[in-house]
Amino acid sequence: MSRKSSGFVPTMGALHEGHLTLMRQARSENDIVIVSIFVNPTQFNDAVDLEKYPRTFERDCELLKNAQIDALFAPDADEIYPTPMDTIIDVPLLSKGLIGKLRPGHFQGMASVVTKLLNIAQADRAYFGEKDYQQLAIIKRMVFDLNIPSEIIGVPIVREADGLAMSSRNMRLSSKERAAAPIIYKTMERALNKHTLGETSVNALIEFITDEISAEPLATIKSIDIVDAENLQPMTIINRPAALLLNVQFGDVILIDQSII
Ligand code: AMP
């Protein structure tokens, strides 16, 4: 009998349609699908954010019953970190800017735990969302640099009907914040239109986005960047594939979104 292929979908739980889409893709491309749920403490630079991160394990298990997966790995923190790690995975060129600036240490914690999870799962393929664009770029680079034998597969963003990118954090928005949050997607679409009509200046596009989102009183812009889609380095004129990356805060929740230009 030939060897069975396996696909791995790491998550932090509070599952939604975005996660389920990753699982469906893994299901269609592999014989065996493994899912993990682990809220990794070392990637939270803010203790309050860690404490408030939604945990809905019973509901997640119900959703997984219909997701046609083969195994769920849901370890405790003690199981993943029997003692504090003395090894840190750092991908500094890709990690230091953008979200890395807003959340110091976040990407080291993420890269370290993803390395552990990939080593535990030993899967042929691992699936990650393009919503977390910088995260995906870091993981691809780390897997290449360290010869980790899993193929990393990026999956496009899954959105709510009104355009808001699905996120476990959305459930922490008040109803007013939830109603206001699609401004992120709407503004991104309008900026992409401007670019299609000929605007190639990064400054002009960022200024436009800043003005539009600032007009929403519940939104606080944390960062707006347009960077080279490959190496995430800053650019001034869009003359090659670029990534538009937004971090916008509503209440105490920071939402992220991205689009390729
Ligand atoms: P999280 O549980 O938020 O750490 O997400 C687990 C995986 O699901 C990550 O690879 C995310 O990028 C991915 N993911 C989360 N939300 C979405 C979404 N709306 N669309 C596609 N992938 C997503």
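Look above for the structure.
Being a predicted model, the structure only gives us computed values, none of them experimental.

Moving on, we get to the sheet that holds strand S2 (residues 32–37). One open sheet accounts for five strands, arranged S3-S2-S1-S4-S5; its pairing is parallel. A strand with exactly one partner marks an edge of an open sheet, and here the two such strands are strand S3 (71–73) and strand S5 (151–155). The mean angle between the axes of side-by-side strands here comes to 25°, regardless of whether they run parallel or antiparallel. Relative to S3, S2 runs parallel, the two being bridged by three bridges. Among the inter-strand pairings, Val35 is bridged to a residue of S3, identified as Leu72. In this fold helix H3 (residues 57–65) packs onto S2 and S3, with an angle of close to 170° to the strand it touches most, S2. In this fold helix H8 (residues 133–145) packs onto strand S4 (125–129) and S5, with an angle of close to 165° to the strand it touches most, S5.

Before going further, it helps to examine unusual backbone geometry. At Leu98, a position not held by glycine, the phi torsion is positive, near 55°. Of note, Leu98 is situated in the loop between helix H5 (92–95) and helix H6 (99–102). In this structure, Leu232 takes a positive phi of about 60° despite not being glycine. For Leu232, the location among the structural elements is in the loop between strand S6 (219–228) and strand S7 (242–250).

Right, let's get into the sheet that holds S7. Ordered in space as S6-S7-S8, the three strands form an open sheet in which the pairing is antiparallel. The outermost strands of the open sheet, each flanked by one partner alone, are S6 and strand S8 (253–260). Averaged over all pairs of adjacent strands, the angle between strand axes in this sheet comes to 15°, irrespective of strand direction. Relative to S8, S7 runs antiparallel, the two sharing eight bridges.

With that out of the way, let us pick up the pairing of strand S1 (residues 6–11). Most of S1 is tucked away, with six of its six residues classed as buried. Of the two faces of S1, the one carrying Ser6, Phe8 and Pro10 and the one carrying Gly7, Val9 and Thr11 are both buried. Taken together, the six bridges between S1 and S2 define a ladder with parallel strand orientation. Within S2, the position partnered with Val9 by the bridge is Val35. Taken together, the two bridges between S1 and S4 define a ladder with parallel strand orientation. Each bridged residue has a counterpart across the sheet, and for Gly7 the counterpart in S4 is Arg125.

The tally for this structure, following the rule as stated, stands at two aromatic pairs. Pairing Phe38 with Tyr81 gives two aromatic rings, centres 6.3 Å apart and planes at 45°, and the pair type is tilted. Of this pair, Phe38 sits in the loop between S2 and helix H2 (47–52) while Tyr81 sits in the loop between helix H4 (77–80) and H5, and the two are 43 residues apart along the sequence. Here the two residues Phe38 and Tyr81 agree in accessibility, since each one is buried. Where Phe44 meets Tyr53, the ring centres are 5.6 Å apart and the plane angle is 75°; that geometry is what we call edge-to-face. Summarising the burial analysis for this pair, Phe44 and Tyr53 share the class buried. Above the plane of the ring of Phe208 lies Lys194, whose end atom (NZ or CZ) is 4.9 Å from the centre.

Right, let's get into the packing of helix H10 (residues 183–196) against helix H11 (residues 202–214). Between two packed helices, the angle of one axis relative to the other and the distance separating the axes together describe the packing. Running from amino to carboxyl end, H10 crosses H11 at an angle of 150°, the nearest separation of the two axes being 10 Å. By the angle between their directions, the pair H10 and H11 is classed as roughly antiparallel. Crossing hand, H10 versus H11: right-handed. Residue-level inspection shows Ile183, Ile184, Thr187, Arg190, Ala191, Lys194 and His195 of H10 in contact with H11, the latter providing Leu205, Phe208, Ile209, Glu212 and Ile213.

Definitions and limits used
Residues numbered from 1 in each chain as written. Predicted model: local features only at pLDDT ≥ 70, side-chain atom pairs only at ≥ 80, totals over all residues. Heavy atoms only, no water. Pairing = 2+ DSSP bridges. Helix = DSSP H or I, 4+ residues; strand = E, 2+ residues; numbered from the N terminus. Axes fitted to C-alpha atoms, helices over the stretch in contact; angles between N-to-C directions. Contact = heavy atoms within 4.5 Å. Buried < 20%, exposed > 50% of the residue type's maximum accessible area, 1.4 Å probe, protein only. Phe/Tyr/Trp six-rings, centres within 6.5 Å; stacked < 30°, edge-to-face > 60°. Lys NZ or Arg CZ within 6 Å of the ring centre and 35° of its normal. Parallel < 35°, antiparallel > 145°, perpendicular 65-115°, else oblique. Left-handed = near helix turned anticlockwise from the far one by under 90°.

Function cannot be inferred from these measures alone, as they are strictly geometric.
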